[in-house]
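# Per-entry structural report
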Amino acid sequence: MVEKITESHEQNKDWERAYHSFEKDYQALSERYEILRKMAFGVHSEKTKTIFNPDQTLLFNEAELAAGGHRIEDETVEIAAHKRKKKKTKGLSQEELDVLPHEEILQPIPKEQRICPKCGTKMVPMGKEKIREELIYIPAQIKVRVHYRETYECRECRKNGHFSIRKSFVPQPVLPHCKASASTIAHIMEQKYVFGVPLYRQEREWTQIGIHLDQNTMGSWIIRSAAAWFKPIVDRLHAYLLQEDVIQADETTVQVLKEAGRKNTSKSYMWVFMGGEFTAKNSIRIYQYQETRKGANAQTFLSGFSGALLSDGYQGYNSVDNVKRFGCWSHVRRKFVDSLPQKKDGAADTIAGQCVLKINKLFEIEDNLRDCSPAERQKQRMLQSKPVVEDFFTYIESNRDIVLPKGNLGKAISYAINQRTELTAFLEDGNVPIHNNACERSVRAFCIGRRAWLFAGSPKGADASASIYSLAETAKANGLNVFKYFAFILNHLPNEKCYSSPETLDNYLPWTHLVQKVCREKENKEPEL
C-alpha cells in the first residue's frame with residue numbers, strides 16, 4: 001500500500017513537472033504569436049507615445065488630422081503673449097513654383113462683349129487679373145539622337161598622290177553596339193533602385209509611349225553598365241571608407257537565383273557599410289552581395305581597417321580583426337518593445353515597459369548631446385548616461401530569474417546582458433553613436449526595393465544591384481539628384497582612362513566640386529544626356 005502511495009506521488013510530481021513545462025511552452029508560443037500579430041497588424045513605431053498610448057481611435061481619423069482637423073474640440077486657455085515662427089504648411093510652396101517655367105493663359109473677352117452695356121461705347125483694356133496657378137504634368141518624351149562624324153581632307157595632298165584626312169572626335173557610348181543612351185540607362189536604374197519599379201512594370205510604361213523594350217534587355221543594360229562604370233567608383237569609395245575612424249555595418253537577406261551549387265530558395269545576404277554618423281570625412285554607403293552571412297565576409301571587406309565597428313549583436317562581426325566593437329541600443333530596445341503585453345494599459349509598469357523607458361532616457365540624453373564635440377559628448381555620457389546604463393543592467397539582472405528564459409522577455413534580457421561590453425563601450429568614446437539607425441535606414445532603402453522586385457535573377461544581377469544601390473544611397477547622402485549623377489557617370493566615364501589611370505575616378509566621387517555643381521538635388525541644370 002505504501003509503495004502504491006509513493007508511486008502515485010511520483011506520478012503526480014511527473015505530471016506537475018510536465019504541466020509546468022507545457023505551460024512555459026504555451027506562454028513562449030503565445031508571446032511568439034503576439035510578435036507575429038504585431039508584425040502583421042500592429043503599429044511598427046517604437047516611439048514611447050505610440051507603444052504606450054491605448055487610444056487607437058486616432059487610426060480612423062488620419063484624413064482629418066492630415067487636413068488640420070481635430071478629433072475633438074480642444075479646450076482653450078489663456079497664455080502669455082509671445083512670438084513663434086509660423087509652421088510650414090504641407091503642400092507646394094511658392095518658392096518651389098517660382099523656379100519652374102511659367103506659361104500664361106489669358107482668358108479674353110469676346111469681341112461682341114467689349115461694348116459698354118450702359119452707353120454702347122467700345123471698351124478698352126485696363127489690365128488683367130491673376131486668378132490661380134496650376135501645376136502642369138508633361139509626360140516623358142522620347143527622341144532618337146543620331147551621331148555623325150565630320151570628315152575633312154586636304155585636296156592639295158590628294159593632287160600629289162597621297163591622302164590627308166582628319167575626323168572629329170566622337171564620344172564613346174555607354175555600351176558598345178547598344179542603342180541605349182546614358183539618360184535611358186540612368187532612368188531605368190533610378191526607377192528600379194530608387195523608386196522600386198520592377199523591370200516588368202517599366203516594360204509596360206515603355207510600351208505605352210510606343211517603344212517595345214523588354215525586361216531582359218533592360219536587365220542586360222543594367223548589369224553591363226554597373227560592372228563597367230559603377231563598380232570602379234564603388235571600389236574607390238571602398239578605399240576611402242577604410243580610412244574612416246568609425247564604420248557602421250548591418251546586413252539583410254536577399255534571394256538570388258542561379259547561384260552555383262545552391263537552391264534558388266537559399267538565403268543570400270546584402271551587407272551594408274557606412275562611415276560613422278559623427279565622424280565620417282565623406283558620406284559613403286556601400287552595399288556588398290554575399291552568398292552567406294559568415295563573419296569572414298565582413299573580415300574580408302574590412303581588411304585594412306582599424307577603428308570602431310558599430311553593429312548589432314551578430315557574433316560574425318567578432319571575426320573582424322583590429323577593431324573595437326560597439327553595440328546598438330536600438331536593437332536592444334526593439335527586443336523589449338516586442339516583449340510588451342498585448343494590452344497597452346499598464347504596459348509601462350511591466351518589466352519590458354520599464355526597460356523601454358530606461359533606454360529611452362539614454363536616447364533623450366543623446367539627442368541633447370548631438371551638437372557637442374566628441375570630447376564633450378564623452379564627458380557628458382560619463383556624467384549623465386553612465387548612471388542610466390548601470391541602473392538598466394542592475395534592473396534586468398535582478399529580474400532575470402523571474403521571467404521565462406525562452407520567452408521574448410527572457411531572450412531580450414539575455415541579449416542585453418550578453419552584449420553588455422559592446423553596449424557600454426559608447427561611454428568611453430564620443431565619436432560613436434549609441435545606435436546603428438543611420439545604417440539601418442540604408443538597409444531599409446534596399447528592403448523597400450526588394451519588396452517590389454522580390455529577387456535577383458543571377459549573382460551578376462545581385463552584384464550589379466549592390467553597385468547601383470551603393471552609388472544611389474551615397475549620392476542621396478551627399479545631396480545629389482540620383483538620375484543626374486547616374487547620367488553624369490554614364491555619359492563621361494566611358495571617355496576616361498579609368499582602368500589605366502584609376503586616380504581619374506576621384507573626379508566622379510559625389511563630393512567633388514564638379515559633381516556637386518552639376519548634380520545637386522536643387523539644381524535645375526540638366527546633365528548632358
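Structure's up top.
Residue positions are given per chain, counted from 1 along the sequence in the order it is written. Per-residue local features are limited, in this predicted model, to residues with pLDDT of at least 70; the limit for side-chain atom pairs, both in listing and counting, is 80 or more; totals at the level of whole chains, interfaces and linings are taken over all residues. Heavy atoms throughout the structure, all of them, feed into the side-chain values; hydrogens and water do not.

### Considering helix α8 (residues 215–241)
The end-to-end C-alpha distance of α8, which contains 27 residues, comes to just 34 Å, noticeably less than the 39 Å that a straight helix rising 1.5 Å per residue would cover. Along α8, the helix axis deviates most sharply at F230, where the bend reaches about 45°; the proline P232 sits within four residues downstream. By the criterion applied in these results, polar contacts are pairs of N or O atoms within 3.5 Å in which, for protein atoms, one can donate a hydrogen and the other can accept it, and in which residues neighboring in sequence qualify only through two side-chain atoms. Comment: elements are numbered from the N terminus, with helices defined as DSSP H or I runs of at least four residues and strands as E runs of at least two. At the N-terminal end of α8, a side-chain oxygen is found 3.0 Å from the backbone nitrogen of N216, two or three residues along, and the residue is D214. The length a helix should cover is 1.5 Å for every residue beyond the first. Values of bend correspond, residue by residue, to the angle between axes fitted over the seven residues ending at that residue and the seven starting there.

### Focus: the pairing of strand β6 (residues 307–310)
Between any two strands, at least two bridges found by DSSP are needed for them to pair. Bridging between strand β3 (residues 246–256) and β6 involves three bridges; their strand directions are parallel. Bridging from a neighbouring strand, I247 pairs with L309 of β6. Two strands pair when backbone bridges link them, and β6 and strand β7 (residues 323–326) are joined in this way by four bridges, in the parallel orientation. Opposite L309, over in β7, you have R325 as the bridge partner.

### Re the packing of helix α6 (residues 182–193) against α8
All axes are obtained by fitting lines to C-alpha atoms, using only the stretch in contact for helices, and the reported angles, taken between N-to-C directions, cover 0 to 180 degrees. Close contact between α6 and α8 brings their axes to 10 Å; oriented N to C, the two are set at 100°. With respect to their mutual orientation, α6 and α8 come out roughly perpendicular. Residues T184, I185, I188, M189, K192 and Y193 of α6 form the contact with α8, whose participating residues are M218, W221, I222, S225, A226 and F230. Amino acids are sorted into nonpolar (Ala, Val, Leu, Ile, Met, Phe, Trp, Tyr, Cys and Pro), charged (Asp, Glu, Lys and Arg) and polar (every other residue, Gly among them). Among the residues forming the contact of α6 with α8, the class breakdown is nine nonpolar, two polar and one charged. Angle categories are assigned with fixed cut-offs, so that under 35 degrees is roughly parallel, over 145 is roughly antiparallel, 65 to 115 is roughly perpendicular, and the rest are oblique. Pairs of residues are marked as contacts when any of their non-hydrogen atoms sit within 4.5 Å.

### Description of unusual backbone geometry
Even without being a glycine, K258 presents a positive backbone phi close to 65°. Position of K258 relative to the elements: it lies in the loop between β3 and β4 (267–275). Working definition: with a 1.4 Å probe on protein chains only, accessible area under 20% of the residue-type maximum means buried, over 50% means exposed, and in between means partly exposed. Given the relative accessible area of 65%, K258 is considered exposed. With phi around 60°, N322 is a residue other than glycine that occupies positive phi space. The topology assignment puts N322 in the loop between β6 and β7. The exposed category is assigned to N322, whose relative accessible area is 63%.

### Notes on a nonpolar patch on the surface
Patch membership requires over 30% relative accessible area and the absence of a salt bridge. Like charges are linked within 9 Å, and nonpolar side chains (Val, Leu, Ile, Met, Phe, Trp, Tyr) within 5 Å. All accessible areas in this document rest on Shrake-Rupley with a 1.4 Å probe, and a residue is counted as covered only by the protein chains that are shown. When a carboxyl oxygen of Asp or Glu lies within 4 Å of a side-chain nitrogen of Lys or Arg, that pair is called a salt bridge. A grouping of L92, V99, L100 and L135 is seen on the molecular surface, where their side chains present a nonpolar patch of about 380 Å² in accessible area. Relative to the helices and strands, V99 is located in the loop between α4 (94–98) and β1 (151–153).

### Some remarks on helix α10 (residues 329–338)
Taking burial as the measure, the ten residues of α10 include seven buried ones, the bulk of the element. For α10, the set of buried residues is W329, S330, H331, V332, R333, F336 and V337.

### Re the pattern of salt bridges
As enumerated under the stated definition, the model contains 17 salt bridges in all. Note that E244 is salt-bridged to K281, the shortest N-O span being 4.0 Å. Here K281 lies in the loop between β4 and β5 (285–290) and E244 lies in the loop between α8 and β3, a separation of 37 residues in the sequence. Taking relative accessible area as the criterion, E244 reaches 3% and is therefore assigned buried. Relative accessible area serves as the criterion here: at 53%, K281 is assigned to the exposed category. Close ionic contact of E259 with R262 constitutes a salt bridge, the shortest N to O distance being 2.8 Å. Look at the salt bridges and you will find they share partners, linking E153, R155 and R158 into a network.

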